[in-house]
Amino acid sequence: VPEAIRCVQCGICSYNCPVGIDVRAHARLGKPVQTSHCLSCGECVRRCPRGVLRLEINPLFAELLPGLV
Amino acid sequence: MPGGPLRFLIIGHGIAGMAAAKAIRRRSPKASIAILTDENHRFYSRPGLAYYVSGDIPESQLFTLPDSLYRDLRCSLIFGRAVRIDSNQRRVRLADGSLLAYDALLLATGANAALPAITGIDMEGVVTLDTLDDSRHLLKLARRARRAVVIGGGITALEIAEGLAARGVETHYLLRKDRYWNSVLDPAESEIVEAGLAHEGVIIHKQTQIESIEGRRGRVRAVVTSNGQRMPCNILGVAIGIRPRIDLAQESGVATDRGILVDETMKTNLPGIFAAGDVAQVYDPHQDAYRLDSLWWTAEHQGDTAGANMAGDQRPYLRKTPFNVTRIGGLVTTIIGDVGGSRPDSDVKGIMRGDSENWRHAVDCIAIQERNGSDRIRLMVGQDRLVGALVMGDQSLSRPLQHYVLGGTPLGELGDLLRRQPHAALDIMRERAAPSLTSIGAGAAW
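No experiment lies behind these values; they were computed from the predicted model shown. (Residues numbered from 1 in each chain as written. Chains lettered and ligands numbered in written order. Predicted model: local features only at pLDDT ≥ 70, side-chain atom pairs only at ≥ 80, totals over all residues. Heavy atoms only, no water.)

Right, let's talk about the overall build of chain A for a bit. Summing up its helical and strand segments, chain A has three helices and two strands in all. For chain A, the sequential pattern of α-helices and β-strands runs α-α-α-β-β. Burial statistics for chain A: of 69 residues in total, 52% are counted as buried. Once local pairs closer than 6 in sequence are excluded, the contacts in chain A between residues at least 24 apart make up 49%. Summed over its atoms, the accessible surface of chain A is roughly 3300 Å², and 56% of this surface lies on carbon and sulfur atoms. (Helix = DSSP H or I, 4+ residues; strand = E, 2+ residues; numbered from the N terminus. Buried < 20%, exposed > 50% of the residue type's maximum accessible area, 1.4 Å probe, protein only. Contact = heavy atoms within 4.5 Å. Areas by Shrake-Rupley, 256 points an atom, 1.4 Å probe, with all protein chains shown as cover.)

The following block contains the structure:
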């Protein structure tokens, strides 16, 4: 679940995504990354220099499906 | 307008200009929109430059918008430099002599690094960090440089210093007084950042300023400090503040002070001409004063407001609480609302990038601190509400605090608890604010 107000679109998140998800595009729109390709590795969350992103467990599935804020 | 669609011209291709183009297109499907830029690039993320310099991202990552966006927006990009606005004829003259006609004009020319008045400041090896070309230049020099000296304060000076250190250049950072960013950070916070810098290999020299630059064949070779020490270096990084780019406006009769003066609807004194972003000095009715900001989020919001009003709205720009998140000394730091005193910063003249003049607005409040290694929280508590917060390191509380400061949420019984048992109060804030934080002032969707 991204928080658009913090994001300055630097793209560190997209660059570091091991499976090539364009996390930045999600951050721009404030939309969570919910694709099944996401490994929820947390690399984007860890690398973001502005604390835009956060891992969230999707309550619908209660599995480790990530919602990236 | 008789005969054909309205013509909108935007000078400047930063976030303010881009936001304006979008706002105009949303309201005027048929208008012609053009962006004039003196940089030979399509839109890129300026805040991302720091991470490009440090090697966190490759250059390609800076180009955040697909080329198709210009097509979708039906917005043309013109590379050139404006030299004069003829506000009577509503035309802009470019350096190559050509003329661009407009019905409404936005000046979003941004700001440039200010340079100290020292002989040799024009030599090869002096670097600033305003643009993509600056970053490329800096990286090119860093490949061969052995030593660098960086002067200035605030975020940009550290972006240059940390970037150069990350590129393997021996980097010396000079502070005029005895600590970093004394206008916004308190002594303990400065210390944490300085420790972070040292850890990254940046060598800090306090009570040191440069007196002169020594060069050979037009290249920087050393700087001499005011206490007579000669420091050999190939690069001199400068970030002592920024100057809004007001020359074009000034020469064309647009009212200026430190920036271009605009009213609450982002209008200048001349009909059909607006300004937004770093260049705009915006009237704030609450303080009865014109204020400069140099924040990305503010620039986007101002550009959006200006664009809407150029297309016929009468929307006032409502200054929001200044807010910035950045990485200094390797630590993510969030600054919300009023945090500083009214001290001037000894390493900066005027304003710098990522700065708001409101952070220096003095307030009556008490500071509560939580300390755990390099994690630190400072709260400025006003009457029944939080007026500012600074969160360094661990960011788990920055969202809840943001909620309280930006939302102006009354503290109620939490105010008392904060004074008596700050940790307990912070825990309650964390719990309360956990859900539904999504809508705080999110920028216009792209």
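Further notes follow.
The next point concerns the interface of chain B and chain A. Counting from both sides, the interface comprises 29 residues of chain B and, opposite them, 24 residues of chain A. Taken over both partners, the interface formed by chain B and chain A buries close to 2300 Å², and the fraction arising from carbon and sulfur atoms is 54%. At the surface where chain B touches chain A, the tally comes to 12 residue pairs in polar contact (both at pLDDT 80 or more). Listed by contribution, the elements that provide at least two residues to the side of chain B that touches chain A are helix 8 (296–310), strand 22 (323–328), strand 23 (331–337) and helix 9 (398–407) of chain B. (Buried area = accessible area lost by both parts, 1.4 Å probe. Polar contact = N/O pair within 3.5 Å; in protein donor to acceptor, adjacent residues only side chain to side chain.)

Once that is clear, we can look at the pattern of salt bridges. Residues and elements named next belong to chain B. Under the defined criterion, the tally for this structure stands at 22 salt bridges over all chains. Two residues, arginine 42 and aspartate 67, come together in a salt bridge whose shortest N-O distance is 3.0 Å. With a gap of 25 residues between them, arginine 42 in the loop between strand 2 (32–37) and helix 2 (49–54) and aspartate 67 in the loop between helix 2 and helix 3 (68–73) connect regions that are remote in the sequence. Judged by its relative accessible area of 30%, arginine 42 is partly exposed. (Salt bridge = Lys/Arg side-chain N within 4 Å of Asp/Glu carboxyl O.)

Moving on to the packing of aromatic side chains. All names here are of chain B. In the structure shown here, the tally under the stated rule is five aromatic pairs over all chains. Geometrically, the ring pair formed by tyrosine 173 and tyrosine 180 is edge-to-face, given 6.4 Å between the ring centres and 65° between the ring planes. By relative accessible area, tyrosine 173 is classed as buried at 0%. (Phe/Tyr/Trp six-rings, centres within 6.5 Å; stacked < 30°, edge-to-face > 60°.)

Let's shift gears to the environment of Leu197(B). All names here are of chain B. Take leucine 197: it is sitting in helix 6 (residues 187–199). Since its relative accessible area comes to 0%, leucine 197 is described here as buried. Linking leucine 197 and leucine 158, residues 39 residues apart in sequence, is a C-alpha distance of 8.4 Å. Ignoring sequence-local partners within four residues, the contact set of leucine 197 consists of Leu158, Glu162, Tyr173, Val202, Ile204 and Gly329.

All names here are of chain B. A large share of strand 10 (residues 147–152) lies buried, amounting to five of its six residues. Examined bridge by bridge, strand 10 and strand 11 (residues 170–174) share five bridges and lie parallel to one another. By the bridge assignment, alanine 148 is partnered in strand 11 with threonine 171. Running through helix 5 (residues 154–166), the crossover from strand 10 to the neighbouring parallel element strand 11 is right-handed. (Pairing = 2+ DSSP bridges. Right-handed = clockwise from strand over helix to strand, strands pointing away.)

Residue and element names in this part refer to chain B. Residue placement: aspartate 284 occurs in strand 20 (residues 280–284). Among the polar contacts made by the side chain of aspartate 284, one reaches the main-chain amide nitrogen of histidine 286 at a distance of 3.0 Å. Aside from chain neighbours lying at most four places away, what touches aspartate 284 is Ala289, Arg291 and Arg319.

The subject of this paragraph is the sheet that holds strand 2 of chain B. All names here are of chain B. The strand order 3-2-1-7-19 describes an open sheet built from five strands, whose pairing is parallel. Either end of the sheet is taken by a strand with one partner, and the two such strands are strand 3 (75–79) and strand 19 (273–275). Taken over all neighbouring pairs, the strand axes of this sheet differ in orientation by 20° on average, direction set aside. Where strand 1 (residues 7–11) and strand 7 (residues 104–107) come together, four bridges link them in parallel fashion. When the bridges of strand 7 are listed, leucine 9 appears paired with leucine 105. Its contacts with the sheet place helix 1 (residues 15–27) against strand 1, strand 2, strand 3 and strand 7, and it is angled at close to 175° to strand 2. Packing of helix 8 onto the sheet brings it into contact with strand 1, strand 7 and strand 19, and relative to strand 7 it is tilted by some 170°. (Axes fitted to C-alpha atoms, helices over the stretch in contact; angles between N-to-C directions.)

Residues and elements named next belong to chain B. Strand order in this open sheet of four strands is 18-20-21-24, and the pairing throughout is mixed. Only two strands of the sheet have a single partner each, and these edge strands are strand 18 (260–262) and strand 24 (355–356). Taken together, the three bridges between strand 18 and strand 20 define a ladder with parallel strand orientation. Opposite isoleucine 260, over in strand 20, you have alanine 280 as the bridge partner.

Let's shift gears to the nonpolar core. Residue and element names in this part refer to chain B. If you look at the biggest cluster of nonpolar residues, it comprises 53 residues, and the most contacted ones within it are Val92, Leu105, Leu106, Leu107, Ile260 and Met266. Ranked by the residues each element gives to this core, the list is headed by helix 1, at six residues. Discounting residues that sit within four places of it in the chain, methionine 266 has contacts with Phe274, Ala275, Ala276, Ala280, Val282, Gln302, Thr305, Ala306 and Tyr317. Grouped together as the second largest cluster of nonpolar side chains are 49 residues, Tyr180, Val184, Leu331 and Val339 included. (Core = buried A, V, L, I, M, F, W, Y, C linked by side-chain atoms within 4.5 Å.)

Turning our attention to helix 9 of chain B. All names here are of chain B. Counting buried positions over the 10 residues of helix 9 gives eight, a clear majority of the element. Those residues of helix 9 lying buried are Ser398, Arg399, Pro400, Leu401, Gln402, Tyr404, Val405 and Leu406. Once helix 9 finishes, glycine 408 follows within two positions and takes phi at roughly 60°, a positive value.

Structural measurements only, silent on function.
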